[in-house]
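So the chains spell out like this:
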There are 2 protein chains.
Amino acid sequence: MIMAKNNENRTILPEPTIRRLPWYLSYLRMLDSQHVSYVSSTQISKELNVQSSQIAKDLSFLNIRGKTRIGYEVSSLVSELEDFLGFNQQHNAVVIGTGSLGTALMQDHGLEHYGLNIVAGFDVRGDVIGKRLGGVPVYNISELPAWQREHGVSIAILTVPVDRAQETAELAIASGMTALWNFTPYRIKTPPGVAIANTSIYAHLAIIYNRMQDHD
Amino acid sequence: MIMAKNNENRTILPEPTIRRLPWYLSYLRMLDSQHVSYVSSTQISKELNVQSSQIAKDLSFLNIRGKTRIGYEVSSLVSELEDFLGFNQQHNAVVIGTGSLGTALMQDHGLEHYGLNIVAGFDVRGDVIGKRLGGVPVYNISELPAWQREHGVSIAILTVPVDRAQETAELAIASGMTALWNFTPYRIKTPPGVAIANTSIYAHLAIIYNRMQDHD
């Protein structure tokens, strides 16, 4: 089977698989910190509530095989997963919209452990332009095209108000960015070749409200 | 067709539908702010890149009908969607783990427009316990069961380190909470009757890395 590859020579995976791999990784990192050496897909299955056949299938995309009756070597699987997911590689990004969520992302050093390095923020608000948030400089959004020509960063994190989402995305793309992480609830339209991930926290809130079974 | 209902007498919907409804809402709110009176599912389809038959099906769960050749009345559809999604109702919540992400959520007044009212934070760190973050008091996690008996809040937002995710979820559930919003990459196991939504931002990062096609 021939799978499509991206520019880092990684196989382009189905989204459900990519969503599950970080679950495995976080569980395996925990085992690793507890000095557990081997783990079977049955154990992972029991712990994470994913069918073990699914786990074996997901892990088959990786360059690693479990041993019969012993399972996977935990530390190797951790580094294999980190490589595979791109978490071991440094990816520079900018935050556009430095409100509370944007600022939080600029201050969240957890993202660095997942290969994300936020190098600049952009905003329209005079009170924040020229300052630093979490050690990261904030520029006027009008400077983005020139800044991008100089720095060539690929990833734009969009934490702007919803009614600015599409135009901000278009500015980032016109400036040469090729990946958008959209935190607004707006469904941004992008041309082919631009990667996009939507993290719509309000949609998740709707899921909670819909599923809630209060007994108050 | 008989649909299951939750305690607020809302129909329990398939997750993909719940994920799309907030897209429609954010677009419709924008139209409403531009004083647009009517919109057809074809227009919504074109704007959001969702098939119009899918839109009609999703909106059929609501207590509203479009008019032939005119479409949906924008302002009615906005308030119908807000009611339906639970965004017009106030839901109290606590944040457990007041690191950078937890603090950001406590300070993000955007959530209030979606019916979420964060009333307390809980942590283990002595330097934040007893303080206020974004106007919200932070308590020692050991006080959660007693606090919860008094206040009866349903929703716990989990922004703890990944290796504390499961035990924190169990404490929240044992304290009587019935809904968890999990921001850790850990796949928490919950008993039946507990609502859970997973917002794993690191998984979304993996999707971006995997889809990126740089031309640097």
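This one's a predicted model, so the numbers in the text were calculated from it and none came from an experiment.

Participant: Just to check I follow, could you spell out the pattern of salt bridges for this structure?
Facilitator: Close approach of charged atoms allows side chains with opposite charge to pair. Under the counting rule described, the total for this entry stands at 14 salt bridges over all chains. Of the charged contacts in the structure, one is a salt bridge between Arg-19 of chain A and Glu-15 of chain A, with a shortest N-O distance of 2.9 Å. Of this pair, Arg-19 of chain A and Glu-15 of chain A both sit in helix α1 (residues 15-33), four residues apart, which is roughly one turn of that helix. Taking the shortest distance from any N to any O, the salt bridge between Glu-167 of chain B and Arg-164 of chain B comes out at 3.5 Å.

Participant: Hey, could you run me through the relation of the copies chain B and chain A in this one?
Facilitator: For the pair chain B and chain A, the relating rotation is 180 degrees, the translation along its axis is 0.0 Å, and the fit reaches an RMSD of 0.0 Å. Between the two chains, the operation in question is that of a two-fold axis. If distances are taken from each C-alpha of chain B to the rotation axis, the shortest is found for Ala-104 of chain B, at 2.8 Å.

Participant: Looking at this structure, how should I read the interface of chain B and chain A?
Facilitator: Interface size is often expressed as the accessible area that is lost when the parts come together. Residue-level contacts link 71 residues of chain B with 70 residues of chain A. Interface area, chain B with chain A, both sides summed: about 6,700 Å², of which 62% is carbon and sulfur. Lys-189 of chain A is paired through a salt bridge with Glu-47 of chain B; the nearest N and O atoms lie 3.6 Å apart. In this assembly, chain B and chain A are joined by 20 residue pairs in polar contact (both at pLDDT 80 or more). Elements that contribute at least two residues to the side of chain B that touches chain A include exactly α1 (15-33), α2 (41-48), α5 (100-107), β8 (179-182), β9 (195-198) and α8 (201-211) of chain B. Examining the composition of the side of chain B that touches chain A, we find that 11 residues originate from one element, α8 of chain B, more than from any other.

Participant: Just checking my understanding: could you explain the pairing of strand β6 (residues 136-140) of chain A for this structure?
Facilitator: Moving residue by residue along a regular strand, the side chains alternate between the two faces of the sheet. Residues and elements named next belong to chain A. Bridging between strand β4 (residues 116-123) and β6 involves three bridges; their strand directions are parallel. Residue Phe-122 lies in a different strand from β6, and its bridge partner there is Tyr-139. The pairing of strand β5 (residues 132-133) with β6 spans two bridges and is classified as antiparallel. Within β6, the position partnered with Leu-133 by the bridge is Val-136.

Participant: I would appreciate a short explanation of the environment of Leu-116 of chain B in the present structure.
Facilitator: Along the chain, Leu-116 of chain B falls in strand β4 (residues 116-123). Overall, Leu-116 of chain B belongs to the buried group, its relative accessible area being 2%. The spatial distance from the C-alpha of Leu-116 of chain B to the C-alpha of Ala-93 of chain B is 6.9 Å, given a sequence separation of 23 residues. Excluding anything up to four places from it in sequence, Leu-116 of chain B contacts Leu-205 and Tyr-209 of chain A together with His-91, Ala-93, Leu-111, Ile-155, Ile-157 and Trp-181 of chain B.

Participant: Honestly, the sheet that holds strand β7 (residues 155-158) of chain B in this entry has me stumped. Any pointers?
Facilitator: Strands pair in a sheet through their backbones, by hydrogen bonds, and they do so in one of two ways: parallel or antiparallel. Residue and element names in this part refer to chain B. Strand order in this open sheet of seven strands is β5-β6-β4-β3-β7-β8-β9, and the pairing throughout is mixed. Edge positions in the sheet fall to β5 (132-133) and β9, since each of these pairs with one other strand and no more. Contacting β3 (91-96), β4, β5, β6 (136-140) and β7, α5 crosses the sheet at an angle of about 150 degrees to β4.

Participant: What exactly am I supposed to notice about the confidence of the model for chain A here?
Facilitator: Interpretation of this model should avoid reading the predicted coordinates in detail wherever pLDDT is low. Summary statistics for chain A give a mean pLDDT of 89 and a share of 93% for residues scoring 70 or more. Model confidence for the complex is summarised by a pTM of 0.84, with the ipTM given as 0.85.

Participant: Would you take a moment to explain the sheet that holds β4 of chain A for this structure?
Facilitator: The strand order across the open sheet built from seven strands is β5-β6-β4-β3-β7-β8-β9 (chain A), with neighbouring strands paired in mixed fashion. Here the strands that pair on one side only, and so sit at the sheet edges, are β5 and β9 (195-198) of chain A. Sheet contacts for helix α7 (residues 165-174) of chain A: β3 (91-96), β7 (155-158) and β8 (179-182) of chain A; angle to β7 of chain A, the most-contacted strand, approximately 165 degrees. With respect to the sheet, α8 of chain B is in contact with β3, β4, β7, β8 and β9 of chain A, its orientation differing from that of β9 of chain A by roughly 165 degrees.

Participant: Help me out: how do you make sense of helix α7 (residues 165-174) of chain B in this one?
Facilitator: Since the α-helix turns once every 3.6 residues, residues separated by three or four places project in the same direction. The complete set of buried residues in α7 of chain B reads Ala-165, Gln-166, Thr-168, Ala-169, Ala-172 and Ile-173 of chain B. The arc enclosing the buried residues of α7 of chain B, seen along the axis, measures out at 165 degrees, which places them on a common side.

Participant: Any chance you could explain unusual backbone geometry here in plain terms?
Facilitator: Leaving glycine out, the prevailing phi sign among residues is negative, and the prevailing peptide bond configuration is trans. Residue and element names in this part refer to chain B. With a phi angle near 60 degrees, His-35 is a residue other than glycine that sits in the positive phi range. Relative to the elements of secondary structure, His-35 occurs in the loop between α1 and β1 (38-39). Despite not being glycine, Asn-49 has its phi angle at roughly 65 degrees, a positive value. Relative to the elements of secondary structure, Asn-49 occurs in the loop between α2 and α3 (52-59).

Participant: Before we go on, may I ask you to explain the side chain of Thr-199 of chain A in this structure?
Facilitator: On the secondary structure map, Thr-199 of chain A appears in the loop between β9 and α8 (201-211). A distance of 2.7 Å separates a polar atom in the side chain of Thr-199 of chain A from a polar atom in the side chain of Trp-181 of chain A. There is a polar contact of 2.5 Å between the side chain of Thr-199 of chain A and the side chain of His-204 of chain B. Ignoring any residue separated from it by four or fewer positions in sequence, one finds Thr-199 of chain A in contact with Trp-181, Asn-182 and Phe-183 of chain A together with Thr-199, Ile-201 and His-204 of chain B.

The rules behind these values
Throughout, residues of each chain are indexed from 1 in the direction in which the sequence is written. The order in which chains are written sets their letters, starting at A; the order in which ligands are written sets their numbers, starting at 1. Where local features are concerned, this predicted model is filtered to residues with pLDDT of at least 70; where side-chain atom pairs are given and counted, the filter is 80 or more; whole-chain, interface and lining totals use all residues. Just so you know, side-chain values use all the structure's heavy atoms and leave hydrogens and water out. Any Lys or Arg side-chain nitrogen located within 4 Å of an Asp or Glu carboxyl oxygen qualifies as a salt bridge. Numbering of helices and strands runs from the N terminus; a helix is a DSSP stretch of H or I covering at least four residues, while a strand is a stretch of E covering at least two. When the copies are superposed, the least-squares fit draws on C-alpha atoms of residues that have pLDDT of at least 70 in both. Note on contacts: a residue pair qualifies if any of its non-hydrogen atoms lie within 4.5 Å across the two residues. Buried area counts how much accessible surface, traced with a 1.4 Å probe, disappears from two parts once they are put together, with both parts' losses summed. Whenever two N or O atoms come within 3.5 Å, that pair is a polar contact, provided that in protein one can donate a hydrogen and the other can accept it, and provided that, for residues adjacent in sequence, both atoms are side-chain atoms. When DSSP finds at least two bridges between two strands, those strands are taken to pair. Burial here depends on accessible area, computed with a 1.4 Å probe over protein chains only, as a share of the maximum for the residue type. Under 20% is buried, over 50% is exposed, and the range in between is partly exposed. Lines are fitted to the C-alpha atoms to define the axes, a helix being fitted only along its stretch in contact, and any angle between axes, read from their N-to-C directions, falls within 0 to 180 degrees. A residue's pLDDT is the predictor's confidence in that residue, given on a scale from 0 to 100. Regarding the arc, it is the one traced by the directions from the helix axis to the C-beta atoms.

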